[in-house]
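Descriptive analysis of the structure
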Amino acid sequence: MNAGDRLPPLEIPITRTLIVAGAIASRDYQDVHHDPDLARQKGSPDIFMNILTTNGLVGRYITDHFGPGAVLRRVAIRLGAPNHPGDTMVLTGTVEEVVEEADGGTATVRVVGTNGIGKHVTGTVTVTVPAGAGTAPDSGGPS
């Protein structure tokens, strides 16, 4: 793990099920995350993903790369273009800084998630990786 390293991209299909399940799992019952008619009445073309689901997907992207021993220390994200059903979000990351420690290291990773209309999420994640952990093999996409 070195500053400048790029993480492989992760494509996540944005399905209606993903959006609704993420909203339910995070107890976000706002209608714009599950009711297309009410979302349209409020000016959106369809339902859209909530920030907590995005936050979880960003965390998953980092831990999929750095492995099961990785510990997220800080996740700071900002939303932009909404994720609507039928689109695909592509997460990419670049290691900005690495602090080596005797028992591993801590990295700050810049993360960007784009979809068909622009940048959905931007931010940084600070992750601690135990010594010798390396990176996990490619996860093969969303589970």
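All values reported here derive from a predicted model rather than from experimental measurement.

Those residues carrying the UniProt feature "domain: MaoC-like" (unreviewed entry) are residues 10-104 in this numbering. In this annotation, residues 10-104 is assigned 34% helix and 29% strand; the end-to-end C-alpha distance for the span is 25 Å.

This brings us to the sheet that holds strand β5 (residues 118-130). Taken together, five strands build an open sheet; the order of strands is β1-β3-β4-β5-β2 and the sheet is antiparallel. Edge strands, defined here as strands with exactly one partner in the open sheet, are β1 (6-13) and β2 (71-79). For this sheet, the mean angle separating the axes of adjacent strands, direction not counted, is 20°. Judged from the eight bridges that link them, β2 and β5 form a sheet pairing that is antiparallel. Residue V71 lies in a different strand from β5, and its bridge partner there is T128.

This next bit is on the nonpolar core. Formed by 26 residues in total, the largest nonpolar core has its most connected members in I62, F66, L91, V109 and V111. Broken down by secondary-structure element, the contributors of at least two residues to this core are β1, α3 (51-66), β3 (88-101), β4 (104-115) and β5. Here this core gets five residues from one element, more than from any other, and that element is α3. Once residues lying within four places of it in the same chain are set aside, the contact partners of V111 are V58, Y61, I62, L91, T92, G93, V121, T122, G123 and V125.

Bringing the side chain of H33 into the picture now. Note on placement: H33 falls in the loop between α1 (16-25) and α2 (36-41). Judged by relative accessible area, H33 falls into the buried class, the value being 3%. At 3.4 Å, the side chain of H33 forms a polar contact with the side chain of D28. Among the polar contacts made by the side chain of H33, one reaches the main-chain carbonyl oxygen of F48 at a distance of 2.6 Å. Excluding residues within four positions of it along the chain, H33 makes contact with I19, V20, A23, D28, I47, F48, M49 and N50.

Each value, and the rule that gives it
Residues numbered from 1 in each chain as written. Predicted model: local features only at pLDDT ≥ 70, side-chain atom pairs only at ≥ 80, totals over all residues. Heavy atoms only, no water. UniProt positions renumbered as here; feature names shortened; annotations may be inferred. Helix = DSSP H or I, 4+ residues; strand = E, 2+ residues; numbered from the N terminus. Pairing = 2+ DSSP bridges. Axes fitted to C-alpha atoms, helices over the stretch in contact; angles between N-to-C directions. Core = buried A, V, L, I, M, F, W, Y, C linked by side-chain atoms within 4.5 Å. Buried < 20%, exposed > 50% of the residue type's maximum accessible area, 1.4 Å probe, protein only. Contact = heavy atoms within 4.5 Å. Polar contact = N/O pair within 3.5 Å; in protein donor to acceptor, adjacent residues only side chain to side chain.

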